[in-house]
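Survey of secondary and tertiary structure
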Amino acid sequence: MAVTMAEIVVSVNGVDRTLRCEPQTTLAEALRGALELTGTKIACNRGACSACTVWLDGEPVCACMLLLADVGERSVTTIEGLADGNNLQPIQRAFIDYDAIQCGFCTPGLVMSCAALLKDTPHPTTEQIRTAIGGHLCRCGTYPHVIEATLAAAGGVAE
Ligand code: FES
Ligand code: FES
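The rules behind these values
- Residues numbered from 1 in each chain as written.
- Chains lettered and ligands numbered in written order.
- Predicted model: local features only at pLDDT ≥ 70, side-chain atom pairs only at ≥ 80, totals over all residues.
- Heavy atoms only, no water.
- Helix = DSSP H or I, 4+ residues; strand = E, 2+ residues; numbered from the N terminus.
- Rg over C-alpha atoms; globule rule 2.2 N^0.38 Å.
- Buried < 20%, exposed > 50% of the residue type's maximum accessible area, 1.4 Å probe, protein only.
- Contact = heavy atoms within 4.5 Å.
- Disulfide = S-S within 2.5 Å.
- Patch = residues over 30% accessible without salt bridge, like charges linked within 9 Å, V, L, I, M, F, W, Y side chains within 5 Å.
- Areas by Shrake-Rupley, 256 points an atom, 1.4 Å probe, with all protein chains shown as cover.
- Salt bridge = Lys/Arg side-chain N within 4 Å of Asp/Glu carboxyl O.
- Pairing = 2+ DSSP bridges.
- Axes fitted to C-alpha atoms, helices over the stretch in contact; angles between N-to-C directions.
- Phe/Tyr/Trp six-rings, centres within 6.5 Å; stacked < 30°, edge-to-face > 60°.
- Lys NZ or Arg CZ within 6 Å of the ring centre and 35° of its normal.
- Domains from an automatic or database assignment.
- Buried area = accessible area lost by both parts, 1.4 Å probe.

1. Observations concerning the overall build of the protein
In terms of helices and strands, the protein carries five helices and five strands. Going from the N terminus to the C terminus, the protein shows its helices and strands as β-β-α-β-β-β-α-α-α-α. At 16 Å, the protein has a C-alpha radius of gyration in line with the 15 Å of a compact globule built from 159 residues. On the principal axes, the C-alpha backbone points of the protein span a range of 55 × 30 × 25 Å. The 159 residues of the protein split such that 43% are buried. The long-range fraction of contacts in the protein, counting pairs at least 24 apart against all pairs at least 6 apart in sequence, stands at 55%.

2. Remarks on helix H5 (residues 143-153)
Residues Val146, Ile147, Ala149, Thr150 and Leu151 constitute the buried set of H5. Structurally, H5 contributes buried residues whose contacts are with helix H2 (90-97), helix H3 (107-120) and helix H4 (126-132). Glycine 155 sits one or two positions beyond H5 and adopts a positive phi of about 85°.

3. Comments concerning the environment of proline 108
Looking at the secondary structure, you find proline 108 in helix H3. Placed 16 residues apart in sequence, proline 108 and glutamine 92 show a C-alpha to C-alpha distance of 9.3 Å. With near-sequence residues (within four places) excluded, proline 108 lies in contact with Gly39, Lys41 and Ile79.

4. Concerning the state of the cysteines
Following the criterion strictly, the structure yields zero disulfides and no others. In this model cysteine 62 remains outside any disulfide bridge; the closest cysteine sulfur is found in cysteine 52, 4.3 Å from its own.

5. Looking at a nonpolar patch on the surface
The grouping of Leu88, Ile96 and Ile101 at the surface amounts to a nonpolar patch, some 230 Å² of accessible area in total. Relative to the assigned elements, isoleucine 96 resides in helix H2.

6. Overview of the pattern of salt bridges
Counted under the stated rule, the structure contains two salt bridges. In this structure, aspartate 120 and lysine 119 form a salt bridge, with 3.5 Å as the shortest nitrogen-oxygen distance. On the accessibility criterion, lysine 119 (42% relative accessible area) is partly exposed.

7. A few points about the sheet that holds strand S2 (residues 15-21)
Spatial ordering of the open sheet is given by S2-S1-S5-S3-S4, a layout of five strands whose pairing is mixed. With one partner strand each, in any of the chains shown, S2 and strand S4 (59-62) form the two edges of the open sheet. Between one strand axis and the next, the sheet turns through 45° on average, direction left out of account. Sitting on the sheet, H3 touches strand S3 (53-56), S4 and strand S5 (75-77), and the angle it makes with S3 is about 35°.

8. Let's talk about the packing of aromatic side chains
All told, the structure shown has zero aromatic pairs when counted by the stated rule. Over the ring of tryptophan 55 we find lysine 119, and its NZ or CZ is 4.9 Å from the ring centre.

9. Re the domain arrangement of the protein
Under the domain assignment used here, the protein contains domain 1 (6-81) and domain 2 (90-153). Relative to domain 2, the C-alpha centre of domain 1 lies at a distance of 21 Å. Domain 1 puts 17 residues into the contact, and the matching count from domain 2 is 14 residues. Buried area between domain 1 and domain 2, both sides added, is near 1200 Å², and the carbon and sulfur share of it is 66%.

As structure tokens, this is what we get:
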């Protein structure tokens, strides 16, 4: 049976991209495949681990749970779009400085969620950070370092 291909325009990291894809293509698949933005990871591919977290209009979402065709006019930001050229965001620098990375598979998704939190809540409490990363699974157990890094990127220690 012939597969119907659709032409879809999507704004990714500030640039409109035109893709031909099958209707069931997810945003995560399109990012990693046609767009070659492999910073976004696919682990569970069913909304259970948050490895695939990107921003949709500035809000963190699981890219494996969203069809590319449903993105519409909303803008997508991936981990590749977070830094300003070679200038890392404070949260990216803090992940390095506070050793919040082991195998790194969960890291882009965690960075996107922590960056979104800091964007909306510049001085989060530890509890707010825990809530922001609540859906993320890290098999390497970096959570304490992720919290330390986020507090450091916020410029202070909170309770
Ligand atoms: S890969 Fe999307 S939530 Fe796990
Ligand atoms: S650093 Fe390995 S899964 Fe999180």
